[in-house]
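# Architecture and fold: a report
Spelled out, the chains give:
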Amino acid sequence: FRAATYDLLIEGDSKDAITQVWVSPMSLDDAEIPASQQQGIKIVEFTGESNIVNEPINPEPVIFSGSVAINDFRTIYRDVVIEPGTQLVFGEGAGLKIYGKLHAVGTQALPITFTGKSSDTPWGALVLKDDGASGSKIVHCNFENGSGLKGSTFEYTAMLSIHNVADMLIEKSLFKDSRITDDMLHAVYSDMTILDSEFRRSRSDAADLDISTAQIINSRFLDSGNDGLDLMSTRAVVRRSEFANSGDKAISVGENSELTAVNSIFSNNEIGVQSKDRSHAFIFNSVISGNKIGIEAYQKNLQYGGGGTLTVVNSILERNQKTATADESSKVAVIDSYVDAITKGESNVAYALIDSRDRFRPAGDALSVLAGDVKA
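Conventions used here
Residues numbered from 1 in each chain as written. Predicted model: local features only at pLDDT ≥ 70, side-chain atom pairs only at ≥ 80, totals over all residues. Heavy atoms only, no water. Pairing = 2+ DSSP bridges. Helix = DSSP H or I, 4+ residues; strand = E, 2+ residues; numbered from the N terminus. Core = buried A, V, L, I, M, F, W, Y, C linked by side-chain atoms within 4.5 Å. Buried < 20%, exposed > 50% of the residue type's maximum accessible area, 1.4 Å probe, protein only. Contact = heavy atoms within 4.5 Å. Polar contact = N/O pair within 3.5 Å; in protein donor to acceptor, adjacent residues only side chain to side chain. Axes fitted to C-alpha atoms, helices over the stretch in contact; angles between N-to-C directions. Salt bridge = Lys/Arg side-chain N within 4 Å of Asp/Glu carboxyl O.

## Digging into the sheet that holds strand β18 (residues 174-176)
Reading across the sheet, the 12 strands line up as β4-β7-β10-β13-β18-β21-β24-β27-β30-β33-β36-β39 and stay open at both edges, with parallel pairing between neighbours. Edge positions in the sheet fall to β4 (67-70) and β39 (338-339), since each of these pairs with one other strand and no more. Bridge analysis of strand β36 (residues 316-318) against β39 gives 2 bridges, and the strand direction is parallel. In the sheet register, Ile 316 faces β39, and the bridge partner there is Tyr 338.

Encoded structure:
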């Protein structure tokens, strides 16, 4: 390579009609770069093998409304507004990567939909990336039949992928029927809140959060192919939520994570809540019912130097094939709770102030909240 310059001649229109020029270099990730508009162009030699093209400041957002067909993988470097009632219909493997703030706020009567052309051709992913996307809002949105995106230098494992984004809000939204890739929602290096939302029939994990912080409130995770919620090196608070019929764990707390779950229900999963690899899980005022294993702590990866700890307080544990298990590197404590059966041979599981008669005294808050008692 040697230093070079490029002159671009755009014919057929006046310069005043040109508002933006985008450059698509031959790159591994098919990136698009917005070219800076100049009154006069001067020749600038490359210093070495590349030169920086500064992104212009453009306050005007990209606006989507009505029915929008997207048949490729597009990258947008500006804020994006999706108006209520908009339907984004993606071709097979198509998607959007947004480096700006996303404002996708529908209404109950006019939700925003992200879907594929047909259920037989899953689309790719909606990706929110880096600091410019911080403060994004997804409200009254429906996501269905998406998968993920993979290139030579990147991989997004969910139909909604959030990377390095702070203050992310997902509210009153529905995610269902993810395809091909691992997760329905994946976040890494991010901070997010999930309110009043539902996740149904994920191919594998419904929500996978890595090296992030999150609060999940009034939400449901149903019929997940693998875990309902998978945490890795993440701090999460779960309140007033339900996890049912997960193919593996309702919540997997792993790799030095911390979970606090309050007023929630974990029913009919392979495992209710599992804590492993120097992770800590605290469950209060909750119902853990009908699982093959109610709660479990163990060591999976030796590099973390220990197993998991799991504490359950003022809760109901019933109709589980095994109530609680823990390996020699881990500890489980069940305190002031209703337990219908104690699993034998579990020396690292401790029970204190257990009630095996009055099941309605513990977890009263959880039962009343999930029955719709707003005061509770």
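## Some details on the nonpolar core
Among the nonpolar cores identified, the biggest contains 67 residues, and Phe 114, Phe 143, Ile 170, Met 192, Leu 259 and Ile 295 are the most heavily contacted of them. Residues in contact with Ile 170, not counting those within four places in the same chain, are Ile 138, Leu 160, Ile 162, Phe 175, Leu 185, Met 192, Thr 193, Ile 194, Leu 195 and Ser 197. Ranked by size, the runner-up nonpolar core spans 5 residues in total, among them Ala 125, Val 127, Phe 154 and Tyr 156.

## Considering the side chain of Ser 315
Mapped onto the elements of the fold, Ser 315 is located in the loop between β35 (309-313) and β36. A residue is classified by how much of its surface remains accessible, and Ser 315, at 0% relative accessible area, is buried. Polar contacts involving the side chain of Ser 315 include one to the main-chain amide nitrogen of Ser 286, which spans 3.0 Å.

## A word on the sheet that holds strand β25 (residues 229-232)
Ordered by their spatial adjacency, 11 strands build an open sheet running β5-β8-β11-β16-β19-β22-β25-β28-β31-β34-β37, and the pairing between neighbours is parallel. Edge positions in the sheet fall to β5 (73-76) and β37 (322-326), since each of these pairs with one other strand and no more. Pairwise comparison of adjacent strand axes, ignoring direction, gives a mean angle of 10 degrees for this sheet. Note that β25 and strand β28 (residues 249-254) share 4 bridges and pair parallel. Within β28, the residue paired with Leu 231 across the bridge is Val 253.

## Regarding the pairing of β28
Of all 6 residues making up β28, 6 are buried, and the element is well covered by its neighbours. Inspection of the sheet shows β28 paired to strand β31 (residues 271-276) by 4 bridges, in the parallel sense. Considered in β31, the bridge of Lys 249 is made with Ile 271.

## What about the pattern of salt bridges?
According to the stated counting rule, one finds 13 salt bridges in the structure shown. With its nearest N and O atoms 3.6 Å apart, the salt bridge here joins Lys 176 to Glu 144. Pair noted here: Lys 176 is in strand β18 and Glu 144 is in strand β13 (residues 141-144), with a separation of 32 residues, a long-range link. Put simply, Arg 220 and Glu 242 hold a salt bridge, and the shortest N to O gap is 3.3 Å. With Arg 220 in strand β24 (residues 220-222) and Glu 242 in strand β27 (residues 242-244), this residue pair connects regions lying 22 residues apart in the sequence. Taking relative accessible area as the criterion, Glu 242 reaches 21% and is therefore assigned partly exposed. Within this structure, Glu 198, Arg 200, Arg 220 and Glu 242 form a network of salt bridges that share partners.

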